[in-house]
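A closer look at the structure
Chain residues, written in single-letter form:
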Amino acid sequence: AQSVTQLGSHVSVSEGALVLLRCNYSSSVPPYLFWYVQYPNQGLQLLLKYTSAATLVKGINGFEAEFKKSETSFHLTKPSAHMSDAAEYFCAVSDYYSGNTPLVFGKGTRLSVIA
Amino acid sequence: DAGVIQSPRHEVTEMGQEVTLRCKPISGHNSLFWYRQTMMRGLELLIYFNNNVPIDDSGMPEDRFSAKMPNASFSTLKIQPSEPRDSAVYFCASSSADNTEAFFGQGTRLTVV
């Protein structure tokens, strides 16, 4: 069964600094990987997804993630943090290229941005 | 499209009462997922449906929980009787076969006192 581990339940960065949120996955078949963002009192919104095309994936709001098979990782980065990036971020994995199977989520990382 | 619509947004109920959460998926989506979010356990899949048929309900914590999807545009999650440990945010999400991602509703925050 697939699983996701997010390292660090809380990450704090200064405004303008690099954002790095870590995600490692476990999957018996080539995975499909996702990052979602959750703002306070909101649902989850897709940031970006990897579906076996380019290993470097660009998403919304300046975020990107790189799929590294050798490291079983899919870390999320943003060169310069903005105050509006403060939110909870979830990494998720699916074994199947289909929307008809559920995603398995990590426990989330809360990002704080300090002015 | 209005997205996935959940109601109510907030629910406060007394222990022992029946609670019904509602979800309207995005039109044209044929998969629907119910998740529960808590601080301790994160996001847990409770149950999901494909074409209105329950596929996997192994995440439903107890017999007190039940879910139905009578048609393609409506689903309910019922807790009877409710207990304080059921307090959480419940999310509904929908997707289609040609989309890899799920689209989430705003969630229902349930508080059982």
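Figured I'd write up the structure that's included with this text. Predicted model, so just to flag it, every value in this text is computed and none were measured.

Residue and element names in this part refer to chain B. Locating Leu-32 in the fold gives a position in strand 4 (residues 31-38). For Leu-32, a relative accessible area of 0% translates into the label buried. Between the C-alpha atoms of Leu-32 and Ser-94, which are 62 residues apart in sequence, the distance is 4.4 Å. Residues within four places of Leu-32 in sequence aside, it is in contact with Cys-23, Pro-25, Ile-47, Tyr-48, Phe-49, Met-69, Ser-75, Cys-92, Ala-93 and Ser-94.

Quick look at the pairing of strand 5 (residues 42-50) of chain B now. Residue and element names in this part refer to chain B. With eight of its nine residues buried, strand 5 lies for the most part within the structure. The sheet contact formed by strand 4 and strand 5 spans eight bridges and is antiparallel. Bridge pairing in strand 5 links Phe-33 to Tyr-48. In this antiparallel pair of consecutive strands, strand 4 and strand 5, the connection spans three residues. Taken together, the three bridges between strand 5 and strand 6 (residues 53-56) define a ladder with antiparallel strand orientation. Each residue of the ladder has a partner; that of Asn-50, found in strand 6, is Val-53.

Definitions and limits used
Going along each chain's sequence as written, the residues are numbered from 1 onward. Note on labels: chains are lettered from A, ligands numbered from 1, in written order. This being a predicted model, a pLDDT of at least 70 is required before a residue's local features are given, and a value of 80 or more before pairs of side-chain atoms are given or counted; all residues contribute to the totals for chains, interfaces and linings. The basis for every side-chain value is the complete set of non-hydrogen atoms in the structure, without hydrogens or water. Secondary structure is summarised from DSSP: a helix means a run of H or I of at least four residues, a strand means a run of E of at least two, and numbering begins at the N terminus for each. Categorising residues by exposure relies on relative accessible area from a 1.4 Å probe, with only protein chains included: less than 20% of the type maximum marks a residue as buried, more than 50% marks it as exposed, and the intermediate range marks it as partly exposed. The contact criterion used is simple: two residues touch if any of their non-hydrogen atoms lie within 4.5 Å. Strands were regarded as paired on the criterion that DSSP finds at least two bridges between them.

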